[in-house]
Amino acid sequence: NGYMSVWDSWNIIFSRHHPRKITYRHMVNARSLTTCAPQWLAGLACSLNAAAFIGLTTVILPPDMDMTSPKDKWRAIMRICQHTGAQSIITPPSLIEDFATDERAFHFLKSLKYVCWLGARLDHAVGDVLAPHTNLFPVIGSTERGAQLSFESEDVMMWKSYEFVPEVGPRFELVEGDLYE
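Scoring rules and cut-offs
- Residues numbered from 1 in each chain as written.
- Predicted model: local features only at pLDDT ≥ 70, side-chain atom pairs only at ≥ 80, totals over all residues.
- Heavy atoms only, no water.
- Helix = DSSP H or I, 4+ residues; strand = E, 2+ residues; numbered from the N terminus.
- Rg over C-alpha atoms; globule rule 2.2 N^0.38 Å.
- Buried < 20%, exposed > 50% of the residue type's maximum accessible area, 1.4 Å probe, protein only.
- Patch = residues over 30% accessible without salt bridge, like charges linked within 9 Å, V, L, I, M, F, W, Y side chains within 5 Å.
- Areas by Shrake-Rupley, 256 points an atom, 1.4 Å probe, with all protein chains shown as cover.
- Salt bridge = Lys/Arg side-chain N within 4 Å of Asp/Glu carboxyl O.
- Pairing = 2+ DSSP bridges.
- Right-handed = clockwise from strand over helix to strand, strands pointing away.

Peer 1: I tried to follow the overall build of the protein on my own but got confused; where do I start?
Peer 2: Helix and strand counts for the protein stand at six helices and eleven strands. Its C-alpha radius of gyration of 16 Å places the protein within 12% of the 16 Å reference for a compact globule of 181 residues. Taken over the C-alpha atoms alone, the protein extends approximately 45 × 40 × 30 Å along its principal axes. Within the protein, the proportion of its 181 residues that are buried is 44%.

Peer 1: Can you walk me through a nonpolar patch on the surface in this structure?
Peer 2: A contiguous nonpolar surface patch, about 240 Å² in accessible area, is contributed by L41, L44 and L48. The topology assignment puts L41 in helix α2 (residues 41-54). Taking relative accessible area as the criterion, L41 reaches 33% and is therefore assigned partly exposed.

Peer 1: Mind showing me how you'd approach the pairing of strand β2 (residues 57-60) here?
Peer 2: In the case of a regular strand, side chains alternate between the two sheet surfaces. Where strand β1 (residues 31-34) and β2 come together, four bridges link them in parallel fashion. Bridge pairing in β2 links S32 to T58. Remark: the β1/α2/β2 crossover connection has right-handed handedness.

Peer 1: What should I look at first to understand the pairing of strand β3 (residues 88-91) in this one?
Peer 2: What you see with β3 is no split at all: S88 and I90 on one side and I89 and T91 on the other are buried throughout. Pairing of β1 with β3 involves two bridges; the strand directions are parallel. Bridge assignment links T34 to a residue of β3, and that residue is I90. Strand direction decides the pairing type here: β3 and strand β4 (residues 114-117), joined by four bridges, are parallel. Bridge assignment links T91 to a residue of β4, and that residue is W117.

Structure representation (structure tokens):
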């Protein structure tokens, strides 16, 4: 299965390119809260695959948690992280952007070991303020192949760039000017 073989290769790729930083290495043996439901591929990957292949302990939200009020949502997520020892978060960017509207909630995000987003684009203004304080990175991948590893820049302000690790296959090609696809 291609999806499982990608996961199985991560630790080899991490060691092959050491000491160069690679996305998702922050997840190795970490404890992370995910707001991704287990029925989403991202939720399934965090709770099963990442546990088996890189030792990630995933904290999931209670199934009956009310996510309608932003303030209640922030407080609950911060409380769950405190009680479970989760020091990182995996979430769609809309929640990160919601956190950015509240000083206390945004300070909480800045204090985490990493903030990982998936599913859509993260607002650049929010990312630019968050990046100097935590490891900020996206999940980019496909259902068939899973998340794709990328090298991380030493410059934290390059958080919105992506350079695929060559072993995983995908690459960007110059289309014209400075546009790559």
